Amino acid sequence: MAIKSICCLGAGYVGGPTCSVIALKCPEIKVTVVDLSKERIAQWNSDKLPIFEPGLDEVVKLCRGKNLFFSNDVSTAILEADLIFISVNTPTKVIGNGKGRAADLKYVEEAARMIADIAKNNKIVVEKSTVPVRAAESIAKIFIANQKPGVSYQILSNPEFLAEGTAINDLLNADRVLIGGEESAGGKEAIEKLCSIYEHWIPRKKILTTNTWSSELSKLAANALLAQRISSINSLSAVCEATGADVSEVARAVGFDSRIGSKFLQPSVGFGGSCFQKDILNLVYICQCLNLPEVAAYWQQVIDMNEYQKSRFTAKIIESLLNTVSGKKICILGFAFKCNTGDTRESPAVYVAKTLLDEGATLKIYDPKVEEIRIFEDLTHPTICESPEEIRKNVLVCKDAYTASEGCHAVVVCTEWSEFTTLDYKKIYERMMKPAYIFDGRKMLDHEALISIGYHVQTIGKRLGKPLVTRSWSTNSIA
Ligand code: UDX
Ligand code: UDX
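Residues numbered from 1 in each chain as written. Chains lettered and ligands numbered in written order. Predicted model: local features only at pLDDT ≥ 70, side-chain atom pairs only at ≥ 80, totals over all residues. Heavy atoms only, no water.

**Focus on the packing of aromatic side chains**
And step 1. As enumerated under the stated definition, the model contains ten aromatic pairs in all.
And step 2. On the numbers, 4.8 Å between centres and 5 degrees between planes, the contact of Trp-44 with Phe-70 is stacked. Highlighted residues: Trp-44 in helix α2 (residues 38-44) and Phe-70 in strand β3 (residues 68-71), separated in sequence by 26 residues.
And step 3. The exposure class of Trp-44 is buried, given its relative accessible area of 0%.
And step 4. Since its relative accessible area comes to 6%, Phe-70 is described here as buried.
And step 5. Ring geometry for Tyr-298 and Trp-299: centres 5.1 Å apart, planes at 85 degrees, overall edge-to-face.
And step 6. For Tyr-298, a relative accessible area of 48% corresponds to the partly exposed category.
And step 7. Assessed through its relative accessible area of 13%, Trp-299 is described here as buried.
And step 8. An aromatic cluster is defined as three or more aromatic residues linked by ring pairs; in this entry it consists of Phe-264, Phe-271 and Phe-276.
And step 9. Its end group placed over the ring of Phe-52, Lys-369 keeps NZ or CZ at 4.3 Å from the ring centre. (Phe/Tyr/Trp six-rings, centres within 6.5 Å; stacked < 30°, edge-to-face > 60°. Helix = DSSP H or I, 4+ residues; strand = E, 2+ residues; numbered from the N terminus. Buried < 20%, exposed > 50% of the residue type's maximum accessible area, 1.4 Å probe, protein only. Lys NZ or Arg CZ within 6 Å of the ring centre and 35° of its normal.)

**Quick look at the sheet that holds strand β9 (residues 329-333)**
And step 1. One open sheet accounts for six strands, arranged β11-β10-β9-β12-β13-β14; its pairing is parallel. Taken across any chain shown, the strands that pair with only one partner, and hence form the sheet edges, are β11 (395-397) and β14 (456-459). The sheet shows a mean angle of 20 degrees between the axes of neighbouring strands, direction not considered.
And step 2. Two strands pair when backbone bridges link them, and strand β10 (residues 362-366) and β11 are joined in this way by three bridges, in the parallel orientation. Bridging from a neighbouring strand, Leu-363 pairs with Val-395 of β11. (Pairing = 2+ DSSP bridges. Axes fitted to C-alpha atoms, helices over the stretch in contact; angles between N-to-C directions.)

**Topic: the site of ligand 2**
And step 1. Close to ligand 2 lie 21 residues; Glu-164, Ser-268, Phe-337, Lys-338 and Arg-442 are nearest.
And step 2. Between ligand 2 and the protein, one listed contact pairs an oxygen atom with a backbone N or O atom of Glu-164 at 2.7 Å.
And step 3. Gln-266 places a main-chain nitrogen or oxygen 2.8 Å from a nitrogen atom of ligand 2.
And step 4. When the free accessible area of ligand 2 is taken as 660 Å², the share hidden by the protein chains comes to 90%.
And step 5. Ranked by residue count, the leading element in the shell around ligand 2 is helix α9 (residues 212-243), at four residues.
And step 6. When the residues that make up the shell around ligand 2 are grouped by side-chain class, the tally is eleven nonpolar, four polar and six charged. (Near = heavy atom within 4 Å. Polar contact = N/O pair within 3.5 Å; in protein donor to acceptor, adjacent residues only side chain to side chain. Areas by Shrake-Rupley, 256 points an atom, 1.4 Å probe, with all protein chains shown as cover. Nonpolar A, V, L, I, M, F, W, Y, C, P; charged D, E, K, R; others polar.)

**Digging into the pairing of strand β13 (residues 437-440)**
And step 1. Neither face of β13 is open: one carries Tyr-437 and Phe-439, the other Ile-438 and Asp-440, and all of them are buried.
And step 2. Handedness of the crossover joining strand β12 (residues 410-413) and β13 through helix α17 (residues 425-430): right-handed.
And step 3. Bridging between β13 and β14 involves four bridges; their strand directions are parallel. Within the sheet, the bridge partner assigned to Asp-440 lies in β14 and is Thr-459.
And step 4. For the crossover from β13 across helix α18 (residues 447-453) to β14, the handedness is right-handed. (Right-handed = clockwise from strand over helix to strand, strands pointing away.)

**Topic: the site of ligand 1**
And step 1. The immediate surroundings of ligand 1 are formed by 19 residues, with Asp-35, Val-88, Thr-90, Thr-130 and Lys-278 found nearest.
And step 2. At 3.0 Å, a backbone N or O of Leu-36 approaches an oxygen atom of ligand 1.
And step 3. For ligand 1, an oxygen atom lies 3.1 Å from a polar atom in the side chain of Arg-345.
And step 4. In the complex, 88% of the free accessible area of ligand 1, which totals 690 Å², lies under the protein chains.
And step 5. Residue composition of the shell around ligand 1, by class: seven nonpolar, seven polar and five charged.

**Topic: the nonpolar core**
Across soluble globular proteins, you tend to see nonpolar side chains buried next to one another.
And step 1. Core analysis: the biggest nonpolar cluster contains 58 residues, and Leu-333, Leu-356, Leu-363, Leu-379, Tyr-425 and Tyr-455 have the highest contact counts within it.
And step 2. In terms of residue count, helix α13 (residues 348-358) provides more of this core than any other element does, six residues in total.
And step 3. With sequence-adjacent residues up to four places away left out, Tyr-425 is seen in contact with Leu-333, Phe-420, Ile-438, Leu-445, Leu-450, Ile-453 and Tyr-455.
And step 4. In terms of nonpolar packing, the next biggest core, distinct from the first, is built from 44 residues, Ile-22, Val-60, Val-126 and Val-177 among them. (Core = buried A, V, L, I, M, F, W, Y, C linked by side-chain atoms within 4.5 Å. Contact = heavy atoms within 4.5 Å.)

**Regarding the pattern of salt bridges**
And step 1. A full pass over the atoms with the stated rule returns 23 salt bridges.
And step 2. The closest approach of N and O atoms between Glu-80 and Lys-30, which form a salt bridge, is 2.9 Å. Taken together, the residues span a long stretch of sequence, with Glu-80 in helix α4 (residues 74-80) and Lys-30 in strand β2 (residues 30-34) at a distance of 50 residues.
And step 3. The exposure class of Lys-30 is partly exposed, given its relative accessible area of 32%.
And step 4. Arg-442 is the salt-bridge partner of Glu-416, the closest N and O atoms lying 3.6 Å from each other. Of this pair, Glu-416 sits in the loop between β12 and α17 while Arg-442 sits in the loop between β13 and α18; the two residues are 26 residues apart in sequence, bridging distant segments of the chain.
And step 5. Glu-416 gets classed as partly exposed once you look at its relative accessible area, which sits at 26%. (Salt bridge = Lys/Arg side-chain N within 4 Å of Asp/Glu carboxyl O.)

Everything listed is a geometric property; what it means functionally is a separate question.
Put into structure tokens, the structure is as follows:
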């Protein structure tokens, strides 16, 4: 029997876009995305979707109410479904064993218990959320312990490789789809059923099937390798600044080697986003549990290098501004963790803003897609802030880059929004305090043009008319 009805538990950044595209490409399948949050479902059913993703609005408009539904009625959706995606979040644990490293599977476990409780017929349950290797085993234990007569389960791993900002394109034109399952007859049949959904638009040769553990590990491995490239080029950016080499030239030169390739070598203030750090921490934790300390230390270094990059960049701002930002006004351009998204999870901008505030600066922040409420929630989060009132006093969220930079001593670019390349920097310069500084954390602006206007410019991985940097930076240097 082919799949007629799909349910997705979790209407987040992954569940929402993934199921919208499945609904678009499989008009004969009913797709219901459910979530415990009433507010989130109301947003999915409104004209203003809860997440900004280019192309998503159009897909949702085409399918919603036809074969795509967003609902809080979890029971009905589970009862009706032949196949259930688990797309709830899997954050890093904040308490208990593995705190700060291990993935917290409590929502995945709750989802599995809910399915076991409600289901009345056979279900294919698909891990879409990123989970530790062998998580499917834990889910299976819950199903076995709560088995009802006439109900059996097949558990598949089908990790998502979509990147925010390009999610719809990544789903429509996926490099590959990965499906892991049991090697039994039942497992193979379930894999085939999920394959047949993706085959509506993905060529069969791009659908890879593996055993469950390989699939689970491949997701962690893909994110770890991607993040490793960024940390590698960022480590070289420090060497460039100290020597006079230009990291873009180095990236281009090495990227021409087809064995290395040119993608994911853009130096930055550091990587952010909900996945890279969380997944590497999870990988490190798994390695430690498996008594593989050398492997754990190897991957931990990717995160340490990212922390170093964020602190190095922020320290450079402070040092350039005569070693003090106390009482100075600084404009932050971009707050999202990358362009084309309103997501700020693990955004390096949060680190930069928080450090400058701790040093006594006043901030004016502009991001084209991040809402004011989000910025204040991030900066006043109890894990990084003791005095929310102070933050509210010292941060102004602005409607555009011109207002944000007016009267400031420095402009700091944290996100690579393309609109930042076409701003009238002469106009901005005229309204700033002098000397006017620009710190380009994305190496995206025309530095020579800025210098000729009169700015003092600093960027990542390139020395701009500065003497050789001989001192070394460390997180402690700004503590
Ligand atoms: C996903 C994956 O699940 C995560 O493992 C992966 O690493 C990144 O992508 P994401 O879609 O980004 O997470 O998470 P989020 O946007 O927070 O969405 C999760 C949704 O699940 C939320 O809307 C939340 O309300 C919902 N949820 C969570 C439930 O409906 N039930 C729960 O028990 C927990
Ligand atoms: C990532 C993976 O790309 C995706 O496959 C996975 O499913 C989820 O995690 P995402 O976090 O949405 O996607 O964005 P990505 O484009 O990978 O960027 C992550 C971070 O790295 C951003 O902060 C980005 O600015 C930074 N980055 C990316 C760089 O600093 N340099 C680069 O060359 C590329």
